[in-house]
Amino acid sequence: MEKRELTCIGCPLGCPLVVTMENGAVLSVTGNTCPRGDAYARKEVTAPSRIVTTTVPVRGGELAAVSVKTAGEIPKSRIFDCVRALKAVTVDAPVTIGQVILGDVAGTGVDVIATKGVAAR
Amino acid sequence: MKQIDLVILGGGPAGLAAAIAAYEAGVRDLVILERDRELGGILNQCIHNGFGLHTFKEELTGPEYAARFAREALTLGIPYKLNTMVLDLSADRVVTAVNRTDGLFQLKAKAVVLAMGCRERPRGALNIPGTRPAGIYTAGTAQRLVNMEGFLPGRRVVILGSGDIGLIMARRMTLEGAKVLCVAELMPYSGGLKRNIVQCLDDFGIPLKLSHTVVDIQGKERVEGITIARVENGKPVPGTEEHFDCDTLLLSCGLLPENELSRSAGVALSPVTGGPLVDESLQTNLPGVFAAGNVLHVHDLVDYVSEEAAAAGRHAAAYILGQKAPAEGEALPVTAVHGVRYTVPTTVHPARLEGSLTLRLRVDGVYRNKVLAVYAGTDCLWRRKRPVLAPGEMETILIKGAALDKLPGCGGLTVTLEEA
């Protein structure tokens, strides 16, 4: 049996959660004050995912960098793979908001898109 | 001197929302004055997601949230001037500004909306001992350098203060290859959102040291090390010092409403928030001068900035178009007591209410299982249970309908915490 401690992010209460697991399956969640805490804990210990935001350099733009995000959540364990894959990327201005900067980042099936427009210099 | 109906000082989220609301209420002769090279204000450097959940029911990044409002303002054809610094505002609403194309110019406005936002508390306001080397930045300066200018300000980082910008920058610096050694927080609780503590610190194994502060900065030309220590009763405890070899210290120690222009114009400011004292219409003590967003009081969520600023824009429009009830008549003070640190507004004119009254407030500490209540004289107007209240979470109270009939002649409003 394995116990994992989490802080719920569902509301300002920030309940300290304890998840008891066995062979990757959740046996119980304690410490939560509402059902949202239970759902959050189960997702967080079995398939945690995040939206990743960062920047990539822009060639010939009014700004040196453009902000980007994964168009959807990717597995939490792949955050650094995603950032590493973007290290090799430079885009040419102009960049439009929503433009795909890198398709299927690090094999996650999720695109990285621009979150800002950058005009050419 | 050019006459104009409405001047909005600042083109960030508050200024944009105020301008759009004023336009939609019928004001056509208006201008936004913005210091930066683009609209959107500080949102442009806040590249993380989590903005707009209340307004758009989806999670946007800062630049995306800003772009939606900027696009709307552009579509409506609202005039704006970029790279424009406002130098002075007078009590009779003459705005003096300068930029490279118009030179120095003055506008005599019927109404002004203050939307200048806030600034970070700098090292000089923190009394940190030690030398004064390079490598000490406010978290927001580092954010701008990394996210907009494309520079990484350091490789080994200690962060003082667990405000949201500090937490966000802990993650940001980590993703860019820096090592964030710890976040030290003077208070026994973090001022940041729980979500940020989990997703910016816990996700990357960055320790949060509560009740700790920086007691020494080493290095002559560049930061070489930071010493932190545990704090009890406001004093560092000898023997608890911990040293970190690092090249950078980021400061995330609170935000201060930026009211240099307001103060010189004669706008009365609150000693608690540092922002203007306003009435239910978000009007300051100067007739025709309104305020909204972080210049009024520091917000946690931009959604509430937009909401508040849209109200200020509507009230400014009503003032310009002569639809506002005159200021004569009863003005009720709003008093914050028993754990409520401040309220916005601090004055209510019952005759000017249009069916609802919005009160925003913060508490002075962490409270559990309390009741938040509003009294008109001794009549209770509104009360709600709150499982938790914290200084980092702004509360909003909306009072509607028959409860407002109790206001005339009540002597004043009181906002308080009570036992559940």
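So, a few notes on the structure that sits alongside this text. Owing to the predicted nature of the structure, the values given are computational and were not obtained by experimental measurement.

Reading the values: the criteria
- Residues numbered from 1 in each chain as written.
- Chains lettered and ligands numbered in written order.
- Predicted model: local features only at pLDDT ≥ 70, side-chain atom pairs only at ≥ 80, totals over all residues.
- Heavy atoms only, no water.
- Helix = DSSP H or I, 4+ residues; strand = E, 2+ residues; numbered from the N terminus.
- Rg over C-alpha atoms; globule rule 2.2 N^0.38 Å.
- Buried < 20%, exposed > 50% of the residue type's maximum accessible area, 1.4 Å probe, protein only.
- Contact = heavy atoms within 4.5 Å.
- Buried area = accessible area lost by both parts, 1.4 Å probe.
- Salt bridge = Lys/Arg side-chain N within 4 Å of Asp/Glu carboxyl O.
- Polar contact = N/O pair within 3.5 Å; in protein donor to acceptor, adjacent residues only side chain to side chain.
- Axes fitted to C-alpha atoms, helices over the stretch in contact; angles between N-to-C directions.
- Left-handed = near helix turned anticlockwise from the far one by under 90°.
- Nonpolar A, V, L, I, M, F, W, Y, C, P; charged D, E, K, R; others polar.
- Disulfide = S-S within 2.5 Å.
- Pairing = 2+ DSSP bridges.
- Phe/Tyr/Trp six-rings, centres within 6.5 Å; stacked < 30°, edge-to-face > 60°.

What follows is about the overall build of chain A. On a plain count of helices and strands, chain A comes out with two helices and ten strands. Going residue by residue from the N terminus, the α and β elements of chain A occur as β-β-β-α-β-β-β-β-α-β-β-β. Against the 2.2 N^0.38 benchmark of 14 Å for 121 residues, chain A shows a C-alpha radius of gyration of 19 Å, more extended than a compact globule. By principal-axis analysis of the C-alpha atoms, chain A measures approximately 55 × 30 × 15 Å. Relative to its 121 residues, chain A shows a buried fraction of 41%. A fraction of 45% describes how many contacts in chain A between residues 6 or more apart in sequence connect residues 24 or more apart.

Moving on, we come to unusual backbone geometry. Look at the link from A93 of chain A to P94 of chain A: it is a cis peptide, with omega at 0 degrees. Within the element layout of this structure, P94 of chain A appears in the loop between β8 (91-92) and β9 (100-102). The residue after V344 of chain B, namely P345 of chain B, is reached through a cis peptide bond having omega 5 degrees. Tracing the backbone shows P345 of chain B in the loop between β22 (340-344) and β23 (347-348). A positive phi angle, near 50 degrees, is found at N23 of chain A, a position not held by glycine. Inspection of the secondary structure assignment puts N23 of chain A in the loop between β2 (16-22) and β3 (25-30). Here N127 of chain B, not a glycine, exhibits a phi torsion of approximately 55 degrees, which is positive.

Contact residues are listed per partner, giving 31 residues for chain B and 26 residues for chain A. A buried area of about 2,500 Å², summed over both sides, lies between chain B and chain A, and 58% of it is on carbon and sulfur atoms. It is L175, K194 and D203 of chain B that lose the most area in chain B upon contact with chain A, and together they represent 22% of the buried surface on that side. We note a salt bridge from R50 of chain A to D203 of chain B, for which the minimum N-O separation is 2.6 Å. In this structure, the connection of chain B to chain A is made through nine residue pairs in polar contact (both at pLDDT 80 or more). Put simply, the parts of the chain that give the side of chain B that touches chain A at least two residues each are α3 (62-76), α4 (139-149), α5 (164-175), α6 (194-201) and β26 (379-389) of chain B.

Below, the discussion takes up the environment of P13 of chain B. All names here are of chain B. Within the secondary structure layout, P13 lies in helix α1 (residues 13-24). Along the primary structure P13 and E418 are separated by 405 residues, whereas in three dimensions their C-alpha atoms are 35 Å apart. In contact with P13, not counting residues within four places along its chain, are G40, L43, V302 and V305.

Moving on: the packing of α4 of chain B against α5 of chain B. Residues and elements named next belong to chain B. Direction vectors running N to C along α4 and α5 enclose 35 degrees, while the axes themselves pass 9 Å from each other. The two elements α4 and α5 meet at a crossing, and its hand is left-handed. Residues A139, G140, A142, Q143, V146 and N147 of α4 pack against I165, G166, I168, M169, R172 and M173 of α5. Split by residue class, the contact of α4 with α5 holds seven nonpolar, four polar and one charged.

Turning to the pattern of salt bridges, a few remarks are in order. Proximity of charged atoms lets side chains of opposite charge pair with each other. Going through the model one piece at a time under the given rule, you end up with 30 salt bridges over all chains. A salt bridge links K87 of chain A to E176 of chain B; the nearest nitrogen and oxygen atoms lie 3.4 Å apart. Of the two residues, K87 of chain A sits in helix α2 (residues 79-87) while E176 of chain B sits in the loop between α5 and β12 (179-185), which places them in two different chains. Here R172 of chain B and E176 of chain B are joined by a salt bridge, their closest N and O atoms 3.0 Å apart. Accessibility expressed as a relative area gives 4% for R172 of chain B, which makes it buried. Each of the salt bridges in this network shares a partner with another, and the network as a whole consists of E44, R50 and K76 of chain A together with D203 of chain B.

A few words now on the state of the cysteines. As enumerated under the stated definition, the model contains zero disulfides over all chains in all. The thiol sulfur of C8 of chain A is not disulfide-bonded, and the nearest other cysteine sulfur, from C15 of chain A, lies at 5.9 Å.

Attention shifts here to the sheet that holds strand β6 (residues 65-70) of chain A. Residues and elements named next belong to chain A. With mixed pairing, the five strands of this open sheet are ordered in space as β8-β5-β6-β10-β9. Sheet topology places β8 and β9 at the edges, where each strand pairs with a single neighbour. Pairing analysis gives three bridges linking β6 to strand β10 (residues 112-114), with the strands arranged antiparallel. Of the residues in β10, the one forming a bridge with K69 is I113.

What follows is about the environment of T378 of chain B. All names here are of chain B. With respect to the helices, strands and loops of the structure, T378 is situated in the loop between β25 (367-376) and β26. On the basis of relative accessible area, T378 is assigned to the exposed category, the value being 77%. Through-space distance from the C-alpha of T378 to that of G411 is 9.5 Å; in sequence the pair is 33 residues apart.

Residue and element names in this part refer to chain B. For the structure shown, the criterion picks out five aromatic pairs over all chains. Aromatic pair F56 and F69: ring centres 6.1 Å apart, planes at 65 degrees, arrangement edge-to-face. Of the two residues, F56 sits in helix α2 (residues 53-56) while F69 sits in helix α3, which places them 13 residues apart along the sequence. We classify F56 as partly exposed; its relative accessible area is 27%. Assessed through its relative accessible area of 11%, F69 is described here as buried. Plain terms: the ring middles of F290 and Y319 are 6.0 Å apart, the flat faces sit at 75 degrees to each other, and that makes the pair edge-to-face.

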